[in-house]
Amino acid sequence: MKKILFLTYVNPFTLLAGDRIYTVNIINSLLDLGHSIDFLYYNSEPVQPLIPDQKGELFERHLALDFKRKSNLRLVFSNLPGMVASRRTTEYLQQIRTWTNNKKYDVAIINHLRMGFCMEALPDTVKTIYASHNAEYLLSLNNYRNERNALKKLVYAWDAFRTRRFEKKLLEGIDACTAICEFDLEYLRGINGVSTSLLRPVLSGGETEVNSKQEFLKNLRKLIVVGSFTWGPKAENIRSLVRAYDENNMDSKGFELHVVGRIEDELAKQLKNMCPAVHISGQVVDLEKYYSKCSVALIPEVMGGGFKLKVAEAGMYKKAIFSVKGAITKSNLKPNIHFTESKNLDELMNNLIDKEKKPNELWKMAELAHEKVNEEYTQEAISKELKPLLQ
């Protein structure tokens, strides 16, 4: 049994976004392998700031530190990437030092690049593992390339520069890391040749009922896009999608677009003004209810691209997946086999119309994606990959 110090930025058990689901995947495998965990995080989620009692019992000890938001000006002028500067505090670093002075840990897991500052306080005797969630420099570079506002473009360029420098330094200092997909695996290994393991995400509800072929074919014009749309690039993605949907007159052609997930009221109003016919549900408890009404899942990540848990989720629910190029990076889910990839959003709309004429082809792709997710996106697979990494 290893004594593990798990360092993260938010209570993941709210499961409000893909990064939190993925964090819980890793925690569950650590526990399945019989290791003990001390868990340090910020209470930055206003809805549910603390780990529920039943979740807290999973850990030897856990502590939530107060999260204080920093001004945007302070983040812009920091030498650290914005996501790191927003989380780095003297209190967090001091808590790490207090715990490591009083207890000998075998492994420290730095969850997400934004927690990379924790290296400052970790003793050399502790094996450090970086649990990556994305190829962060490439993500920030993608935001810069796709941003049209001149001022925001400048900010993204500065953040991309800082992210590249910080990511490289972190990878030079750690002992091992994990990646969410093949693309990230190759990217991380290429920076410093660090020992890297592939941990595919696992989604709750994997044994859920999926629609029959008859239901699938009946709902081919019902489209769903699921996610958290509160981050700037995510908000811009959904704006662009709804704009393309409206400009291509998809509603008049019999299609229905359902937007499901966390969204600010102002953004929801903007989307309704763009296209009154779009259905906006906001954050929901039961996703299955919404997926069951639709046969097509859209992945419109022009900005902030990378492997998305929503891709695996759509496969789990046996949906036909349509994405724009770059939204789904290299993984075991392949274009033209498991999903349809388009150069841009206008082409995506045209493909929706064309592919509807080939319903059996769409059903076959949905079946293959469903099989792949059920076979390879499992908790057992994560545990198998983590076990040697912790030695």
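Computed from a predicted model, the values in this text were never measured in an experiment. (Residues numbered from 1 in each chain as written. Predicted model: local features only at pLDDT ≥ 70, side-chain atom pairs only at ≥ 80, totals over all residues. Heavy atoms only, no water.)

Chemist: Could you clarify how one ought to interpret the overall build of the protein chain in this entry?
Modeler: Counting secondary structure elements, the protein chain contains 16 helices and 13 strands. Taking 2.2 N^0.38 as the reference for a compact globule, 391 residues should give roughly 21 Å; the C-alpha atoms of the protein chain span a radius of gyration of 21 Å, in line with that estimate. Each of the three principal axes of the protein chain carries a C-alpha extent, and together these read 65 × 45 × 40 Å. For the protein chain, the residues scored as buried account for 55% of the 391 residues in total. Long-range pairs, those at least 24 residues apart, make up 68% of the contacts in the protein chain with a sequence separation of at least 6. For the protein chain, the accessible surface area stands at approximately 17,700 Å², while carbon and sulfur atoms represent 48% of it. Across the protein chain, 55 positive and 48 negative side-chain charges occur, with their mean positions spaced 4 Å apart. (Helix = DSSP H or I, 4+ residues; strand = E, 2+ residues; numbered from the N terminus. Rg over C-alpha atoms; globule rule 2.2 N^0.38 Å. Buried < 20%, exposed > 50% of the residue type's maximum accessible area, 1.4 Å probe, protein only. Contact = heavy atoms within 4.5 Å. Areas by Shrake-Rupley, 256 points an atom, 1.4 Å probe, with all protein chains shown as cover. Lys, Arg positive; Asp, Glu negative; His and termini not counted. Charge placed at Lys NZ, Arg CZ, Asp CG, Glu CD.)

Chemist: I'm lost on unusual backbone geometry in this one. Help?
Modeler: What is expected of a backbone is that most residues other than glycine have negative phi and most peptide bonds are trans. Positive phi, close to 90 degrees, is recorded for H112, a residue that is not glycine. Structurally, the position occupied by H112 is in the loop between β4 (107–111) and β5 (127–131).

Chemist: Looking at this structure, how should I read the side chain of N237?
Modeler: Residue placement: N237 occurs in helix α10 (residues 232–247). We classify N237 as buried; its relative accessible area is 3%. When sequence neighbours within four positions are dropped, the list of residues in contact with N237 reads P300, E301, V302 and M303.

Chemist: When you look at the packing of aromatic side chains in this model, what are you seeing that I'm missing?
Modeler: Where two aromatic rings form a pair, the distance of their centres and the angle of their planes describe that pair. This model, assessed by the stated rule, comprises ten aromatic pairs. Note on F6 and F39: the rings are 5.5 Å apart at their centroids and 20 degrees apart in plane angle, and the pair reads as stacked. Of this pair, F6 sits in strand β1 (residues 3–7) while F39 is found in strand β2 (residues 36–42), placing the two residues 33 residues apart along the sequence. Among the residues examined, F6 registers a relative accessible area of 0% and is labelled buried. On the basis of relative accessible area, F39 is assigned to the buried category, the value being 0%. Every member of this aromatic cluster is reached through a ring pair, and the members are F6, F13, F39, Y41 and F59. The ring of Y144 carries the charged tip of K153 above its face, separated from the ring centre by 4.5 Å. Between the NZ or CZ atom of R221 and the centre of the ring of F255, over which it lies, the distance is 5.8 Å. (Phe/Tyr/Trp six-rings, centres within 6.5 Å; stacked < 30°, edge-to-face > 60°. Lys NZ or Arg CZ within 6 Å of the ring centre and 35° of its normal.)

Chemist: Sorry if this is basic, but what is going on with the sheet that holds β5 here?
Modeler: The strand order across the open sheet formed by seven strands is β3-β2-β1-β4-β5-β6-β7, and the pairing between neighbours is parallel. Edge positions in the sheet fall to β3 (61–65) and β7 (195–198), since each has one partner strand and no second. Ignoring which end each strand starts from, the neighbouring axes of this sheet average 20 degrees apart. Pairing geometry for β2 and β3, over five bridges, is parallel. If you follow L40 over to β3, its bridge partner there is L63. Set on the sheet, helix α1 (residues 18–32) makes contact with β1, β2, β4, β5 and β6 (176–179); between it and β1 the angle comes to about 170 degrees. Contacting β5, β6 and β7, helix α8 (residues 182–192) crosses the sheet at an angle of about 175 degrees to β7. (Pairing = 2+ DSSP bridges. Axes fitted to C-alpha atoms, helices over the stretch in contact; angles between N-to-C directions.)

Chemist: It is not clear to me how a negative patch on the surface should be interpreted in this structure. Could you clarify?
Modeler: A cluster of acidic side chains, namely D246, E247, D251 and D346, defines a negative patch on the protein surface. Mapped onto the fold, D346 is located in helix α14 (residues 345–355). We classify D346 as partly exposed; its relative accessible area is 39%. (Patch = residues over 30% accessible without salt bridge, like charges linked within 9 Å, V, L, I, M, F, W, Y side chains within 5 Å. Salt bridge = Lys/Arg side-chain N within 4 Å of Asp/Glu carboxyl O.)

Chemist: Explanation requested: the confidence of the model for the protein chain in the structure shown.
Modeler: The predicted structure's coordinates, where accompanied by low pLDDT, should not be read in detail. Counting all residues, the mean pLDDT for the protein chain is 90, and 96% of those residues have values of 70 or more. When pLDDT is averaged over each helix and strand of the protein chain, the minimum, 75, is found for helix α2 (residues 53–56) and the maximum, 98, for β4. (pLDDT = per-residue confidence, 0-100.)

Chemist: Explanation requested: helix α7 (residues 150–173) in the structure shown.
Modeler: Side chains of residues three or four places apart in an α-helix project in the same direction, reflecting 3.6 residues per turn. The terminal C-alpha atoms of α7, which comprises 24 residues, lie 35 Å apart, in line with the 34 Å expected from a rise of 1.5 Å per residue. For α7, the complete set of buried residues consists of Y156, D159, A160, R162, T163, F166, E167, L170 and L171. Between a side-chain oxygen at the N-terminus of α7 and the backbone nitrogen of L151 the separation is 3.0 Å; the capping residue is N149. (Expected span 1.5 Å × (residues − 1). Polar contact = N/O pair within 3.5 Å; in protein donor to acceptor, adjacent residues only side chain to side chain.)

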